[in-house]
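# Examination of the molecular architecture
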Amino acid sequence: MTTPRPAAAHLAQLNVATLLHPFDDPRVAPFVEMLDPVNTAADGAPGFVWRLVEEGAADATGLRPAGENVIVNLSVWETREALWDFAYRSGHLEVMRRRRDWFARHVEAHMVLWWIPAGHLPTVGEALERLADLRTHGPSPRAFTFASSHTPAEAGQPAEAGRAAQPGRVRTAQGRGL
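Residues numbered from 1 in each chain as written. Predicted model: local features only at pLDDT ≥ 70, side-chain atom pairs only at ≥ 80, totals over all residues. Heavy atoms only, no water.

### Re the environment of Phe 144
Structurally, Phe 144 is set in the segment after helix H4 (124-137). In this structure Phe 144 comes out as buried when scored by relative accessible area, which is 0%. A C-alpha to C-alpha distance of 9.9 Å links Phe 144 and Ala 109, two positions 35 residues apart in sequence. Discounting residues that sit within four places of it in the chain, Phe 144 has contacts with Leu 11, Val 112, Leu 113, Trp 114, Trp 115, Leu 134, Pro 139, Ser 149 and His 150. (Helix = DSSP H or I, 4+ residues; strand = E, 2+ residues; numbered from the N terminus. Buried < 20%, exposed > 50% of the residue type's maximum accessible area, 1.4 Å probe, protein only. Contact = heavy atoms within 4.5 Å.)

### Digging into the environment of Leu 131
Within the fold, Leu 131 resides in helix H4. With 23 residues separating them along the chain, Leu 131 and Glu 108 place their C-alpha atoms 9.9 Å apart.

### Quick word on the packing of aromatic side chains
Applying the stated rule across the entire model yields nine aromatic pairs. Here the aromatic rings of Phe 31 and Phe 103 are separated by 5.0 Å at their centres, their planes lie at 85°, and the arrangement is edge-to-face. Taken together, the residues span a long stretch of sequence, with Phe 31 in helix H1 (residues 29-44) and Phe 103 in the loop between helix H3 (92-102) and strand S4 (111-117) at a distance of 72 residues. The same class applies to Phe 31 and to Phe 103, which are both buried. Plain terms: the ring middles of Trp 84 and Tyr 88 are 4.3 Å apart, the flat faces sit at 40° to each other, and that makes the pair tilted. (Phe/Tyr/Trp six-rings, centres within 6.5 Å; stacked < 30°, edge-to-face > 60°.)

### Examining the side chain of Gln 13
Its place among the elements puts Gln 13 in strand S1 (residues 9-18). A polar side-chain atom of Gln 13 sits 3.1 Å from a polar atom in the side chain of Asn 15. Discounting chain neighbours no more than four positions away, the residues touching Gln 13 are Asn 73, Leu 74, Ser 75, Trp 77, Leu 83, Met 111, Val 112, Leu 113 and Trp 114. (Polar contact = N/O pair within 3.5 Å; in protein donor to acceptor, adjacent residues only side chain to side chain.)

### What to know about the sheet that holds strand S3 (residues 70-77)
Taken together, four strands build an open sheet; the order of strands is S2-S3-S1-S4 and the sheet is antiparallel. Every interior strand has two partners, whereas the edge strands, strand S2 (48-51) and S4, have only one. Between one strand and the next, the sheet's axes are offset by a mean angle of 25°, whatever the strand orientation. Strand direction decides the pairing type here: S2 and S3, joined by three bridges, are antiparallel. Across the sheet, the residue bridging to Phe 48 is Trp 77, located in S3. Together, S2 and S3 form the strand contacts of H1, whose direction differs from that of S2 by roughly 140°. (Pairing = 2+ DSSP bridges. Axes fitted to C-alpha atoms, helices over the stretch in contact; angles between N-to-C directions.)

### Some points on the pattern of salt bridges
Where charged atoms of side chains with opposite charge meet at close range, the side chains can pair. In total, this model carries seven salt bridges according to the counting rule given. Between Asp 133 and Arg 142 there is a salt bridge whose closest N-O contact spans 3.4 Å. Assessed through its relative accessible area of 34%, Arg 142 is described here as partly exposed. Ionic contacts of the salt-bridge type, sharing partners, join the residues Glu 129, Asp 133 and Arg 142 into one network. (Salt bridge = Lys/Arg side-chain N within 4 Å of Asp/Glu carboxyl O.)

Take a look at the structure:
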């Protein structure tokens, strides 16, 4: 009898950004104009699994669970490397370079990573709790950053899956596109 192989782990990430101006302010327009191309690139990036999308919208910028002037980005990736490549080696880098034009400088952690079982879609509440954990206790296998990364095993999750093992991609919180 064969023992079933445990499901792989995926990397969840949340980042929050405090707007310097209202979302519809012309000074934020360059950021808004980048949203569709960057989200399309994310959806097609190697290792992308899922991203939070507001019901009936193309992104999550209308959701404000962390405050009226705070936007959230929540996504899931197959590996740490896949997320790193998208964040720092794609068109997303232009947004990162210009972030001070649109967002306040955070004095506490604004991004958190954590391992989840493959197939699990994190909730915004779960993500905000991980960010609070990072802010309160510092990096740990439960809540970490790129600079303080941990493995799935350290976090008590099964090993990362290879790219070929993934059946499909999900783009919406409702699971359409599976």
